[in-house]
Amino acid sequence: MLDFIDKVVIVTGGTRGIGFATVKSFAEAGAKVILFGSKKESVAKAMDLLQKEGLKVEGYFPNLNSLTEINKVITEIITKYKHIDILINNAGISADKKIEETTPEEFAAIMDINVKAMFNMCKAVTPYMKKQKAGVILNTSSMVSIYGQPSGVGYPASKFAVNGLTISLARELAPFNIRVNAVAPGIIKTDMVESLPEEVIAPLIKSIPLGRIGEVSDIANAFLFLASPKASYITGAILPVDGAARN
Ligand code: NAD
């Protein structure tokens, strides 16, 4: 098992789905995990669930579009722990409406959370990671960042941007021993996918060569690997975790 004892890890969108599984995995591996969520109530609920499993994590709910609010929380974390080792930018929203039904405001909202919030978080932790001469930043992309999707254009557009940010920051921050990578999930069994009817799920599974939908733990495991010293020569990578679905 990979060991993250005493590592300080921040996970955005850590209250449910992929983010929650990631928080849990790092906490189980000994890390000091701080989860960021969008609301006080969802953060409290996630912390409560983890506590029932004997895992102690901290939670915050800064507005990720406000660099000022993020900086305030990051300063608190640094004051308490003195270092931030791993940042996992996972918060995100998707879209599926056709372009005629999509408003510019909806398009901007996707960019705000999927791209601008990621930029803000990277900007806030970078000075500390540079001082440490060490750090890992991991971003949640998607396989739509390679293939696009037939509706909901804002979502793939945002994930193409995530890849651009990842590859570019990897090059900018490599001289400071900061690695930046992204994981590109295929179809993952979160609440939304699990609630789909069997007639929708069955053809989905058929289209995946590995013959199953991904589990949230598949993505958490990819993050664990990329955050670990076993990945010390990997930076600027977009790692597909999709059972070779490729569509
Ligand atoms: P989810 O909806 O279960 O979780 C999303 C998380 O993001 C939640 O914790 C939510 O609180 C947070 N979030 C959303 N808007 C926010 C905001 N404005 N401010 C702060 N936090 C906010 O989704 P998920 O499926 O677990 O997705 C997590 C990431 O994985 C996303 O970036 C998503 O694009 C990506 N992804 C998911 C799949 C999949 O099949 N589930 C596939 C590819 C990529």
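Residues numbered from 1 in each chain as written. Predicted model: local features only at pLDDT ≥ 70, side-chain atom pairs only at ≥ 80, totals over all residues. Heavy atoms only, no water.

Residue placement: T22 occurs in helix α1 (residues 17–28). Relative accessible area serves as the criterion here: at 1%, T22 is assigned to the buried category. Dropping the residues within four chain positions of it, T22 is found in contact with V11, I88, A220 and F223. (Helix = DSSP H or I, 4+ residues; strand = E, 2+ residues; numbered from the N terminus. Buried < 20%, exposed > 50% of the residue type's maximum accessible area, 1.4 Å probe, protein only. Contact = heavy atoms within 4.5 Å.)

Okay, the site of the ligand next. Around the ligand sit 23 residues, and of these T15, R16, I18, N90 and Y155 come closest. T15 is positioned with one of its side-chain polar atoms (N or O) 2.8 Å from an oxygen atom of the ligand. A distance of 3.0 Å separates an oxygen atom of the ligand from a polar atom in the side chain of K159. If the ligand stood free it would expose 820 Å²; the protein chains cover 81% of that surface. Where the shell around the ligand is concerned, the elements lending two or more residues are α1 and α6 (154–173). (Near = heavy atom within 4 Å. Polar contact = N/O pair within 3.5 Å; in protein donor to acceptor, adjacent residues only side chain to side chain. Areas by Shrake-Rupley, 256 points an atom, 1.4 Å probe, with all protein chains shown as cover.)

This structure, assessed with the given rule, holds 7 salt bridges. Among the ionic pairs, K24 bridges to E53, the shortest N-O distance being 3.2 Å. Residue K24 is found in helix α1, and its partner E53 is found in the loop between α2 (40–52) and β3 (58–60); the two are separated by 29 residues along the sequence. Residue classification places K24 among the partly exposed residues on the basis of a relative accessible area of 24%. The salt bridge partner of K189 is E215, with a shortest N-O separation of 3.2 Å. In this pair, K189 is assigned in the loop between β6 (178–185) and α7 (191–194) and E215 in the loop between α8 (198–206) and α9 (216–227), connecting sequence segments 26 residues apart. The class for K189 is partly exposed, based on a relative accessible area of 32%. Look at E215 and you get partly exposed, because its relative accessible area is 31%. (Salt bridge = Lys/Arg side-chain N within 4 Å of Asp/Glu carboxyl O.)

With that out of the way, let us pick up the sheet that holds strand β4 (residues 86–89). Across the sheet, 7 strands lie side by side as β3-β2-β1-β4-β5-β6-β7; this open sheet has parallel pairing. Bordering the open sheet on either side are β3 and β7 (238–241), each of which pairs with just one other strand. Within the sheet, the average angular offset between the axes of one strand and its neighbour, ignoring direction, is 20°. The pairing of strand β5 (residues 135–140) with β6 spans 6 bridges and is parallel. The partner of V136 across the bridge, within β6, is R179. (Pairing = 2+ DSSP bridges. Axes fitted to C-alpha atoms, helices over the stretch in contact; angles between N-to-C directions.)

Between its first and last C-alpha, α9 extends 17 Å over 12 residues, near the 16 Å set by a 1.5 Å rise per residue. Packed against the buried residues of α9 are α1, β4, β5, β6 and β7. (Expected span 1.5 Å × (residues − 1).)

Within β6, 8 of the 8 residues are buried, which leaves it mostly tucked inside the rest of the structure. Across the two faces of β6 the burial is the same, with I178, V180, A182 and A184 and R179, N181, V183 and P185 all buried. Bridge count for β6 against β7 is 4 bridges, and the pairing is parallel. Within the sheet, the bridge partner assigned to P185 lies in β7 and is V241.

Moving on: the packing of α1 against α9. Relative orientation and spacing of two packed helices are given, respectively, by the angle between their axes and the distance between those axes. Contact geometry of α1 with α9 gives a least axis separation of 8 Å together with a crossing angle of 50°. Classified by the angle between their axes, α1 and α9 sit oblique to one another. The element α1 and its partner α9 pack so that their crossing is right-handed. Contacts between α1 and α9 pair G17, I18, A21, T22, S25 and F26 from the former with V216, I219, A220, F223, L224 and A227 from the latter. Counted by class, the contact of α1 with α9 contains 9 nonpolar, 3 polar and no charged residues. (Parallel < 35°, antiparallel > 145°, perpendicular 65-115°, else oblique. Left-handed = near helix turned anticlockwise from the far one by under 90°. Nonpolar A, V, L, I, M, F, W, Y, C, P; charged D, E, K, R; others polar.)

With respect to the secondary-structure elements, N181 resides in strand β6. There is a polar contact of 2.9 Å between the side chain of N181 and the backbone oxygen of I234. In this structure, N181 is in contact with I137, L138, N139, T166, L226, I234, T235, G236 and A237, ignoring residues within four places of it in sequence.

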